[in-house]
Amino acid sequence: MDDIMFTAVADQGGNCGPYDEDTTLIFNKVITNIGDGYDNTSGLFTAFTSGYYYFTFFYHAGTEHVSGLTLMKNSEVITKTFEDSENGPDFTDNAGNSAFVKLERGNVVFVRLPARCQVHASDNTTTFSGFLVSRA
């Protein structure tokens, strides 16, 4: 089986968001991209091989805005993170989530920054990773 795996970091020099609309988060700094499925200009992972994949995403954020991210498969929500910074005395938020996802060839997976949310996009703290576990 050919290896397919990637890890990318959102490295945009500071905070990303908040925006008025949901936005695809671009993880522009590629650490690993075996199989070339991740596009660091669009933020999309495209499955060139049908199978079961494992995806993770993590973020760091300040508390001046609500923070959160959503893992998407095409237009379907897979899993989310969310932190309402107004409900506590903390100074930073850290969260992540993961999922096993069945993909068909041509499906895309990406991380969405929800409207009015903000995450930190520097210092290698906000990441998106995935790999093929087995072919379908």
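Within each chain, residues carry numbers counting from 1 in the order of the written sequence. Local features in a predicted model are, by the rule used here, given only for residues with pLDDT of at least 70; side-chain atom pairs are given and counted only at 80 or more, and totals for whole chains, interfaces and linings are based on all residues. Side-chain metrics rest on all non-hydrogen atoms present in the structure, leaving aside hydrogens and water.

Caption draft 1: Spatial organisation of the environment of F131. Along the polypeptide, F131 turns up in strand 13 (residues 127–135). Note on classification: 1.4 Å probe, protein chains only; a residue is buried when its accessible area is under 20% of the maximum for its type, exposed when over 50%, partly exposed between these limits. A relative accessible area of 37% means that F131 is categorised as partly exposed. C-alpha separation for the pair F131 and Y52, spaced 79 residues apart in sequence, amounts to 8.7 Å. The contact definition used throughout considers only heavy atoms, calling two residues in contact when any of these lie within 4.5 Å. Among residues more than four places away in sequence, those in contact with F131 are I4, M5, Y52, Y53 and Y54. In DSSP terms, a helix is any run of H or I states spanning at least four residues, a strand is any run of E spanning at least two, and both are numbered starting from the N terminus.

Caption draft 2: View of the packing of aromatic side chains. The rule is short: rings of Phe, Tyr and Trp, with Trp giving its six-membered ring, pair when the centres are within 6.5 Å, and they are stacked under 30 degrees, edge-to-face over 60, tilted in between. Tallied over the entire structure, the rule returns 12 aromatic pairs. Considering the side-chain rings of F27 and F128, the 5.5 Å spacing of their centres and the 45° angle between planes classify their relative orientation as tilted. Here F27, found in the loop between strand 3 (23–24) and strand 4 (29–34), pairs with F128, found in strand 13; they are 101 residues apart in sequence, far enough to count as distant. With relative accessibility at 0%, the residue F27 sits in the buried group. Among the aromatic residues, ring-to-ring pairing joins F6, F27, Y38, F45, Y53, F55 and F128 into one connected group.

Caption draft 3: Representation of the nonpolar core within the structure. Each nonpolar core is a collection of buried residues, namely Ala, Val, Leu, Ile, Met, Phe, Trp, Tyr and Cys, held together in the definition by side-chain atoms within 4.5 Å. Core analysis: the biggest nonpolar cluster contains 28 residues, and F45, F55 and F128 have the highest contact counts within it. When contributions to this core are tallied by element, the ones reaching two or more residues are strand 1 (5–9), strand 7 (51–62), strand 8 (67–73), strand 10 (92–103), strand 11 (108–113), strand 12 (119–121) and strand 13. Per-element tally for this core: the top contributor is strand 7, with 5 residues.

Keep in mind these values describe shape, not function.
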